[in-house]
Amino acid sequence: MSKSTVRVLAALTVLAPAVALASPALADDSHKKHDGDHAITLHAQLDPFKVNKVTGHGTAQVRLKGNEAHVKMKVSGLLAGAPHAQHFHIAAKGVCPPESAAKVRNGKRFLNTTDGIPFYGTIGTSLTTTGDTSPDSGLAVDRFPVGSDYHYERTIKLSDEAAKSLREGTGVVVVHGIDYNKNGKYDDNLGPSDLDPKLPAEATNPALCGALKKSADGPVHGGQGGTQLASSDAPVATATAVGGAALLAVAGGAFILRRRAGRQS
């Protein structure tokens with residue numbers, strides 16, 4: 001084998017790992033660029049804040065494509081005959097606050113909406129039954145679901161910030177309205193609301209909370225010989241294939257050079 005052929009093969013050997021590493025990065029960048037164009041499904045299990053004397057529960061599902069969100073919720077076990085404000089809280093840690101975040105006020109320990117903001121963030125979308133869904137409608141008590149048990153379903157348009165937060169995994173569903181002293185109504189036993197002093201704290205304190213998590217879009221098959229690949233894994237698989245093709249091309253070039261070198265010798 002000639003010295004020139006040896007030098008070319010050595011260069012190709014150095015280049016191959018770089019090609020393999022670069023290809024996934026390029027595929028990933030392309031995926032991020034078009035991430036908002038495809039639909040994703042998010043789910044949340046809504047758990048009660050026991051420190052607020054809540055025993056209810058619920059679920060939420062969001063189908064998000066671009067800025068359009070189709071929202072479904074099922075809630076039970078809340079204060080009957082009362083409105084329950086509900087929102088997407090966004091752009092913070094994307095988690096529900098621990099009960100240790102509750103504070104003692106008026107001799108009673110409870111969690112208000114402001115206590116949870118460092119964890120679930122501020123209001124990004126108001127999940128009203130009709131009309132405006134911006135943060136401006138955060139306390140539109142006449143346009144939120146009413147009752148202890150309810151189903152909610154609505155297609156709404158999110159702000160760019162809210163859609164981005166949900167896609168990035170920092171969207172949280174929070175349902176408000178508690179009956180701390182179990183007397184069947186919102187009253188002033190906890191003092192005024194931290195959001196609006198004209199309302200009692202019970203009316204706006206968080207009752208249920210759940211972080212929105214992405215569901216697998218593609219088929220997930222269990223069992224021996226099955227696949228666990230979901231669509232979210234596709235960019236990695238594509239990138240690997242691209243890297244593999246590049247390596248095959250390099251190997252093919254090296255083989256041709258070896259054949260040429262053999263003929264020349």
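Structure report, in brief. Fair warning: this is a prediction, and the values are worked out from it, not measured in the lab.

1. Comments concerning the packing of aromatic side chains
Following the criterion strictly, the structure yields one aromatic pair and no others. Here Phe110 and Tyr180 contribute two aromatic rings whose centre-to-centre distance is 6.3 Å and whose plane-to-plane angle is 70°, an arrangement assigned as edge-to-face. With Phe110 in strand β6 (residues 108–110) and Tyr180 in the loop between β9 (172–176) and α4 (201–204), this pair connects stretches of sequence that are 70 residues apart. For Phe110, a relative accessible area of 2% corresponds to the buried category. Accessibility expressed as a relative area gives 13% for Tyr180, which makes it buried. One residue, Arg105, lies across the ring of Phe110, its end atom 5.1 Å from the ring centre.

2. A short note on the pattern of salt bridges
Across all of its chains, the model carries three salt bridges by this definition. A salt bridge links Lys103 to Asp115; the nearest nitrogen and oxygen atoms lie 3.2 Å apart. In this pair, Lys103 is assigned in strand β5 (residues 103–105) and Asp115 in helix α2 (residues 113–120), connecting sequence segments 12 residues apart. The exposure class of Lys103 is partly exposed, given its relative accessible area of 43%. By relative accessible area, Asp115 is classed as buried at 8%. The salt bridge partner of Glu168 is Lys164, with a shortest N-O separation of 2.8 Å. Pair noted here: Glu168 and Lys164 are both in helix α3 (residues 160–168), with a separation of four residues, about one helical turn. By relative accessible area, Glu168 is classed as exposed at 52%.

3. Some words on the state of the cysteines
Each disulfide consists of one covalent bond between the sulfur atoms belonging to two cysteines. If you walk through the whole model with that rule in mind, you get one disulfide. Between Cys96 and Cys209 runs a disulfide, and the two sulfur atoms are separated by 2.0 Å. The disulfide joining Cys96 to Cys209 has a torsion of about -95° about its S-S bond and is therefore left-handed. Taken together, the residues span a long stretch of sequence, with Cys96 in the loop between β4 (86–90) and β5 and Cys209 in strand β10 (residues 206–211) at a distance of 113 residues.

Rules used in this analysis
- Residues numbered from 1 in each chain as written.
- Predicted model: local features only at pLDDT ≥ 70, side-chain atom pairs only at ≥ 80, totals over all residues.
- Heavy atoms only, no water.
- Phe/Tyr/Trp six-rings, centres within 6.5 Å; stacked < 30°, edge-to-face > 60°.
- Helix = DSSP H or I, 4+ residues; strand = E, 2+ residues; numbered from the N terminus.
- Buried < 20%, exposed > 50% of the residue type's maximum accessible area, 1.4 Å probe, protein only.
- Lys NZ or Arg CZ within 6 Å of the ring centre and 35° of its normal.
- Salt bridge = Lys/Arg side-chain N within 4 Å of Asp/Glu carboxyl O.
- Disulfide = S-S within 2.5 Å.

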